[in-house]
Amino acid sequence: MKQFKILEKKDFPQFIKRLSKKHKVVAPVSRGNKSYAFTQVDSSDQIAMKYIPTILPPKKYFMPQRETLAQYNKSKKTFQTVLEFEELVIFGVHTCDLAGIQCLNIVFSDTPKDINYIARKNRILIIGLECNDYCDEYASCKVMDSHHPNGGYDLFFTELKESFIVHVNTLEGEGIIELTGLFKEATSNHLKEREGVIAAKKKIFKDEVDVHYKDLKPMFDKSAGSKVWEDLEKRCLSCGNCTNVCPTCYCFDIIDEINLDLDTGYRIRQWDSCQNEDFAKVAGGESFREERGQRQRHRYMRKFSYPVERYARHFCTGCGRCSRTCMAKINLKETINALAKENR
Amino acid sequence: MKRVDLKESEYIVKPATIIKAKPMTALEKFFEIELDSGASLDHEPGQFVMVSIPGAGDAPISVSSSPTKRSSFDLVVRNAGKLTGVMHRLNAGDKIDIRGPFGRGFPIRILEGNDLLFVAGGLGIVPLRSLINFVIDNRRDFGRVNILLGCKTPSDMLFGDEVEQWGQRLDVNFNCTVDKSDPDWKGNVGLITSLIPGVNLDAEKTFGVVVGPPVMYKFVIKELLNKDIPARQILVSLERHMKCGVGKCGHCQIGNYYCCQDGPVFTYEEIKDNIEAL
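Numbers given for residues are sequential positions, taken from 1 along each chain in its written order. As they are written, the chains are lettered A onward and the ligands numbered 1 onward, keeping that order. It should be noted that, the model being predicted, local features are given only for residues of pLDDT at least 70 and side-chain atom pairs only at 80 or more, the latter also being counted only at that level, while totals for whole chains, interfaces and linings use all residues. The side-chain quantities take in all heavy atoms of the structure and omit both hydrogens and water.

## Let's talk about the overall build of chain B
Okay, step 1: A tally of helices and strands in chain B yields seven helices and 16 strands.
Okay, step 2: In terms of C-alpha radius of gyration, chain B reaches 19 Å, essentially the compact-globule figure of 19 Å for 278 residues.
Okay, step 3: C-alpha extents for chain B along the principal axes are approximately 65 × 45 × 35 Å.
Okay, step 4: A simple rule labels every residue: compare its accessible area, found with a 1.4 Å probe on the protein chains alone, to the largest value its type can have, and call it buried under 20%, exposed over 50%, or partly exposed in between. For chain B, the residues scored as buried account for 57% of the 278 residues in total.
Okay, step 5: Whether two residues are in contact is decided by their heavy atoms: any pair within 4.5 Å suffices. Of the contacts formed within chain B by residues at least 6 apart in sequence, a portion of 68% connects residues at least 24 apart. Counting from the N terminus, the helices are the DSSP runs of H or I reaching at least four residues and the strands are the DSSP runs of E reaching at least two. Based on C-alpha atoms, the radius of gyration is set beside the globule rule, defined as 2.2 Å times the residue count to the power 0.38.

Shown next, in the form of structure tokens:
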């Protein structure tokens, strides 16, 4: 009970104001055309409280699109590894994206640990925001069990009629409660209202595909020679949009950049995509996933099979971004249903 | 965005010096390297390092020497990309940086006491040499040793002097073949698979260790299975282009395996059902 606090809706502007005075706060902001992006805010007016998943997931703060790993000076013979970070509060993270951050945490905390990621993650506070209804038809968060929170936040906001009920999950979250000084204790009526929201969600959120959660991996494991991949082979343009917007795609390239003095420069890592033709190419000339269909199959296997074996977790959060962004209209729900149909 | 120095990172490099460099073929160059710290690389046969040159980047290169040689280690580099192109211009005395060693090498403790059949095709001799020389340096610990070597033409043969010695040793059965002969060649001509049926071996206690280009694996493995060597006793080393070496970047993924961490050495048993391995 004491883990739940209440923020009256009328106090919300003051909450963002006080929070952004002390911290850099980022939140979903409308970019027009039904597009949203996590952007720095200092006022609640800027925040889109009802939004469909942002163009890029909060991954961009944990694993920046471009990051310096080391800086070197050839004449001085120095090569210094570095960490780039930013202290940050992310407000309004939906449960699908909380799940996405949890997936990245697992990968980069697995040995050998990625110190850059871990050090950056530890400086970011996360305030989640419950979805009381579906964002749009692309989402499949129920079947992936990420339509409700499974941890992964410091504070979690659920919208009630007059207020937000806020779950305090960490000491750092409690720090925000104290810093802003706007929260009251939740009463039993508030808790009852919250239970009502959760009960209503149970009626709204239903499995979005024709396969049950636990049957997804076995289905994908049998799919190697499926006609579905042949179909994607014909449609996919290898643009890599699906992997860029995916909250759990973390493949990267490491390249050196040299300054105009031809002496100093940086070793950087940047997002890469398994959909690119030369992604799995080796010195001998062989490319181990030469066909687009093979690369699409690989993308799906990296969501629904391989990580389940390695980490006992699906790396799809059902956010729907890959389907929303695909120029060729490759749709995750349709792919799953097509595989399911083949299996019957 | 703040930037601070990081004392602990998977991307820290070890400064090293090239102590010997010589071209081997038109495309391959040999390097002997010492870590500037004076420490041994302390690798296992079959592991690889990331060679780094600031400005040129880094690339995965197999260690070609046996860990029984402690003070330095050998690399053979094919001129195939940015980093390797820069490397080909380096000579004794030049500096490079090293990360690693990385990956799972050959399971030497499991191989001890067993017979070994080495099959190397083309550049496969480069990583396999680390194990062959380890076995020769610890010859007493192993059973019968067969080495089969294949390359495209006689001029593509790497480590010719060493290979000749293997041929002369009494404690090693050696045979080699070229796909295409030249006027001076007096040995076998034909694919490496043609050498396997003639090898006299005890399948139950023989480990087949195969390293070569992807196309070679399918045919050689088939021959070894025909000889009744069990799948778990057939070892391969798979080539992928690792970018990080620490199981994150995704480039070297083979199905559920990260070649840089789970490999590059696998048993055939581990990969035979993997659709992306061979």
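## Examining the nonpolar core
Okay, step 1: A:I90, B:F118, B:V210 and B:L238 are the most contacted members of the largest nonpolar core, which has 105 residues in total.
Okay, step 2: Once residues lying within four places of it in the same chain are set aside, the contact partners of B:F118 are B:L128, B:L131, B:I132, B:V135, B:V145, B:N146, B:I147, B:L148 and B:V209. As used here, the term nonpolar core means buried Ala, Val, Leu, Ile, Met, Phe, Trp, Tyr and Cys residues forming a set that is joined through side-chain atoms within 4.5 Å.

## Focus on the domain arrangement of chain B
Residues and elements named next belong to chain B.
Okay, step 1: Assigned domains of chain B: these are domain 1 (14-101) and domain 2 (108-271).
Okay, step 2: A separation of 22 Å is found between the C-alpha centroids of domain 1 and domain 2.
Okay, step 3: The interface of domain 1 with domain 2 comprises 21 residues on the first partner and 24 residues on the second.
Okay, step 4: For the pair domain 1 and domain 2, the summed buried surface comes to about 1,700 Å²; carbon and sulfur atoms form 66% of the total.
Okay, step 5: What gets called buried area is simply the loss in accessible area from a 1.4 Å probe that two parts show on being joined, summed for both. For the domain 1 face of the interface with domain 2, the top three residues by lost area are P45, F48 and S64, together amounting to 27%.
Okay, step 6: Whenever a carboxyl oxygen of Asp or Glu lies within 4 Å of a side-chain nitrogen of Lys or Arg, that contact is scored as a salt bridge. Across the domain 1-domain 2 interface, the total number found is one salt bridge.
Okay, step 7: D74 is paired through a salt bridge with R129; the nearest N and O atoms lie 3.0 Å apart.
Okay, step 8: Polar contacts here mean pairs of N or O atoms no more than 3.5 Å apart (in protein, one a potential hydrogen donor and the other a potential acceptor; neighbouring residues in sequence count only if both atoms are side-chain atoms). Inspection of the region where domain 1 meets domain 2 yields seven residue pairs in polar contact (both at pLDDT 80 or more).
Okay, step 9: Elements with a contribution of two residues or more to the side of domain 1 that touches domain 2: β3 (28-35), β4 (48-53), β5 (57-62) and β6 (73-78). Throughout the structure description, domain borders are defined by an automatic or database domain assignment.

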